[in-house]
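# Observations on the model geometry
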Amino acid sequence: MASLPSAAAAPTRVVRPSPLPTAAGRLRVASKCLASASDRHCMLYGSAVNFNPRVCGLKFWISRKPRHQNNIKRHGRAMRIKKLEVYGKDELEIESSSSSERKPIENVELLHDLIEETSPSKSQTTECPSSNDQPVIDKDLDYPKGSSSSVIETNSFSYDHLGGRVPSLCIAVVGATGELARNKVFPALFALYYSGFLPEDVGIFGYSRKHLTDEDLRSIIAATLTCRVDHQENCGDKLDAFLSRTYHINGGCNNRDGMAKLDFRMKQIEGDHEANRIFYLSVPQEALLDVASSLADGAQTKRGWNRIIIEKPFGFDAFSSYQLTQSLLSKFEEKQIYRIDHLLGKDLIENLTVLRFSNLVFEPLWSRTYIRNVQVVFSEECGIETRGRYFGGYGIIRDIIHSHILQTIALFAMEPPVSLDGEDIRNEKVKVLRSIRKLDLDDVVLGQHKASAGKANGYMNSLTPTFFAAALYIDNARWDGVPFLIKTGMGLIKHRVEIRIQFHHVPGNIYRERIGQNIDLATNELILCDQPDEAILMKVNNKVPGLGLQLDASELNLLYKDKYNVEVPDSYEHLLLDVIDGDNHLFIRSDELAAAWNILTPILHEIDKNNVAPELYEFGGRGPIGAYYLGAKHGVRWADD
């Protein structure tokens, strides 16, 4: 067969027809020229009417099913790289996917100038000049390896197994050089890329205020990227491929200009086709609105969906949270906003609904008729020195209670949703939050651990609590009268994250005399544990083997590490994949946010107004004594008593 026309030849009119289904034996040319034509599509340049096996110069495209199609769901993979020639300074031509004519790229003169700029910039923090009204694209941008002043590399058309092009995906991490981005976000993105949950031609962009080249950013994040124990095959190749798809954008001090640069560079990766974008805003609270507003105006794609991920805290109280929400909703739709709390990405949280709604043995018991109390415990061994400036400003109530604990209770106590759709689940969660009774200061315990030797810090001189316990009640038909005791703190005896359900005593228990004086020890319990080990435990009473009749309380133990020989993905992997898939049930909607603040804001104002001093407790101890009095007041024995 004759050679194909050169890409450097003069532009010719090209018609791209629809895919032609082929069968073995009908198109003999396909059997001769291709490895196998059976069960494939053959796409031709030119008309199919004059097709002849001996005609030369034809181009065949084979649409193959992506290797990990089931994992990728909505995204495709680049099947080849196409090089585009710059035909002159005034015009750059490309083949259009929807037209037979060639189209000029807009702003080609600017693009030509950018391509010619090859001198790297020094790695240093940007000095902030006065802001300009109009965004300006800098000329010191770095481009993928292999680019030159006359040829740029861009993605060719990607096709799914039916022959149609699927959208590209770009993910931008704003605040790319921060600790969260380096240690959590980029490693989670690489894990998803390695596992096949991201398209191979994904574009990863790091946005910061520092003068960094693409290679500088790649060097920074490379040290934190690792393959899991059960994912070691071709790890080095996947790592190199991921890093080659990672680029840096110097946003400078004017975010309007910075977002224009980001948008321009994303368009280079995407081409002139359908494209989706995700923006992870790993920025301080005080910078959030400026970044979000600039992003909304200058970096959103108009050829697909845009989603933004926002880190907590989501305001300081009900009023500040309302202002923040209104500002965001003036720029984005609710469905675009994903308020993330990484603690909600744990398997423990997902098991709440799975265990209840997929097991007939539990759903009938899930009410005040059988459940005596519920305990939600989140304790850490470390002190607040690991939390830094953020924790000192917001404290444990705004940091842990507002999002993680209240969301956990809402998922636990909600009515069965209409479906597993995110909006249906969030509709039920917000009903629970609105039903929680107003907190009384007498039902709250504040604590602060004493600064241990060598760990003293400035926060110990304030009233910032490091421990919080409270008794909540949900005033609805299912949970009326059932105390939900929550306890969270730092600097405690051990790291423990669990939800413990204690059931009522057996009415008229005929084995009461065999149990002993403390009947609470014979209480049936269901424990969902995340730390120290992921497990589901069921506490039941059984007969001790041997002569006589002696009862014992034993645990039926499903220990994940014994049952499943896999490494558990990080919670950021779970939540980022949910964002890509558009699953928002573990993210906080605006009305949920407002309902949670309505629970906590009155008690926060009362604490501040009365200058309530937290009870001191020993670092590495069990926490304030007041927590045990609180449990006794509501008829609850803490699990660690």
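Reference entry: report on the structure contained in this document. Since this is a predicted model, take the numbers as computed values, not measurements. Residue positions are given per chain, counted from 1 along the sequence in the order it is written. Predicted model: local features are reported for residues with pLDDT of at least 70 only, side-chain atom pairs are reported and counted for 80 or more only, and whole-chain, interface and lining totals are derived from all residues. With hydrogens and water set aside, each side-chain value is computed from the structure's full complement of heavy atoms.

Should DSSP find at least two bridges between two strands, the strands are taken to pair. Numbering goes from the N terminus for both helices and strands, where a helix is a DSSP run of H or I of at least four residues and a strand is a run of E of at least two. One open sheet accounts for six strands, arranged S12-S10-S9-S13-S14-S15; its pairing is parallel. Two strands in the sheet have a free side with no partner beyond their single neighbour: strand S12 (246-250) and strand S15 (337-340). Pairwise comparison of adjacent strand axes, ignoring direction, gives a mean angle of 20° for this sheet. Sheet topology places strand S13 (residues 275-281) next to strand S14 (residues 306-311); five bridges connect them, and they run parallel. If you follow Ile278 over to S14, its bridge partner there is Arg307. Note on method: axes are straight lines fitted to C-alpha atoms, helices fitted across the in-contact stretch only, with angles between N-to-C directions ranging 0 to 180 degrees.

Turning to the nonpolar core, a few remarks are in order. Residues belong to a common nonpolar core when they are buried Ala, Val, Leu, Ile, Met, Phe, Trp, Tyr or Cys residues joined through side-chain atoms within 4.5 Å. Each residue's exposure class comes from its accessible area (1.4 Å probe, protein chains only) as a fraction of the maximum for that residue type: buried when under 20%, exposed when over 50%, partly exposed otherwise. Leu262, Phe412 and Phe484 are the most contacted members of the largest nonpolar core, which has 120 residues in total. The element contributing the most residues to this core is helix H11 (residues 388-413), with 11 residues. Every residue pair with non-hydrogen atoms within 4.5 Å of one another is taken to be in contact. With residues near it in sequence (within four places) discarded, Phe412 still touches Leu352, Arg356, Trp366, Ile371, Val374, Trp479, Phe484, Ile499 and Ile501. Among the nonpolar cores identified, the runner-up in size contains 12 residues, and Phe467, Ala469, Leu492 and Trp638 belong to it.

What follows deals with the pattern of salt bridges. Any carboxyl oxygen of Asp or Glu within 4 Å of a side-chain nitrogen of Lys or Arg constitutes a salt bridge here. Within the structure shown, the criterion is met by 26 salt bridges. Between Arg356 and Glu363 there is a salt bridge, with the nearest N and O atoms lying 2.8 Å from each other. For Arg356, a relative accessible area of 1% translates into the label buried. Connected via shared salt-bridge partners are Asp263, Lys267, Glu270, Arg277 and Arg303.

A few words on the pairing of S13. Within S13, seven of the seven residues are buried, leaving the element largely enclosed by the surrounding structure. Of the two faces of S13, the one lined by Ala275, Arg277, Phe279 and Leu281 and the one lined by Asn276, Ile278 and Tyr280 are each fully buried. Note: strand S9 (residues 168-174) against S13, seven bridges, orientation parallel. In the strand pairing of S13, Val173 is matched with Tyr280. Think of it like this: strands point away, you trace from the first strand over the helix to the second, and a clockwise trace means the crossover is right-handed. Between the parallel pair S13 and S14, the chain is carried across by helix H8 (residues 285-298), and the sense of this crossover is right-handed.

This part is about the sheet that holds strand S19 (residues 483-489). Across the sheet, nine strands lie side by side as S23-S22-S21-S20-S16-S19-S18-S17-S24; this open sheet has mixed pairing. Among the strands making up the open sheet, the edge pair consists of strand S23 (551-559) and strand S24 (615-617). Neighbour-to-neighbour, the strand axes of the sheet open up by a mean angle of 20°, direction not taken into account. Judged from the nine bridges that link them, strand S22 (residues 535-543) and S23 form a sheet pairing that is antiparallel. Across the sheet, the residue bridging to Val540 is Ser554, located in S23. Seen against the sheet, helix H10 (residues 347-357) touches strand S20 (496-503), strand S21 (525-531) and S22 and runs at an angle of roughly 150° to S21.

As a further point, take the packing of aromatic side chains. Stacked, edge-to-face and tilted are the three classes for Phe, Tyr and Trp ring pairs, Trp counted by its six-membered ring, which pair at centre distances within 6.5 Å; planes under 30 degrees apart are stacked, over 60 edge-to-face, the rest tilted. Following the criterion strictly, the structure yields 11 aromatic pairs and no others. Taking the centre distance of 5.1 Å and the plane angle of 80° together, the rings of Tyr338 and Phe587 count as edge-to-face. Of this pair, Tyr338 sits in strand S15 while Phe587 sits in the loop between helix H15 (571-581) and helix H16 (590-609), placing them 249 residues apart in sequence. For the pair Trp479 and Phe484, a centre-to-centre distance of 5.5 Å together with 80° between the ring planes defines the contact as edge-to-face. The two residues Trp479 and Phe484 agree in class, both being buried. Taken together, the aromatic side chains of Phe190, Tyr193, Tyr194 and Phe242 make up a single cluster linked through ring pairs. The cationic tip of Lys238 hangs over the ring face of Tyr193; the distance from NZ or CZ to the ring centre is 5.4 Å. Here, over-ring charges are defined by two tests on the NZ atom of lysine or the CZ atom of arginine: distance to the ring centre within 6 Å, and angle to the ring normal within 35 degrees. A cation sits over an aromatic face here: Lys487 above Trp638, 4.4 Å from the ring centre.

The next thing to look at is the side chain of Asn373. Examined against the element boundaries, Asn373 turns out to sit in strand S16 (residues 371-379). By the criterion applied in these results, polar contacts are pairs of N or O atoms within 3.5 Å in which, for protein atoms, one can donate a hydrogen and the other can accept it, and in which residues neighboring in sequence qualify only through two side-chain atoms. A distance of 2.9 Å separates the side chain of Asn373 from the side chain of Gln502, its partner in a polar contact. Every residue in contact with Asn373, bar those within four places of it in the chain, is listed here: Val482, Pro483, Arg500, Ile501, Gln502 and Val636.

Most of H15 sits inside the fold, with 11 of its 11 residues counted as buried. Here H15 has its buried residues at Ser571, Tyr572, Glu573, His574, Leu575, Leu576, Leu577, Asp578, Val579, Ile580 and Asp581. Lining the buried residues of H15 we find S9, helix H4 (179-194), S13, S14, S15 and H10. Sitting at the head of H15, Asp570 places a side-chain oxygen 2.9 Å from the backbone nitrogen of Tyr572. A positive backbone phi angle near 75° is found at Gly582, which sits one or two residues after H15.

Purely geometric stuff here, so don't read any function into it on its own.
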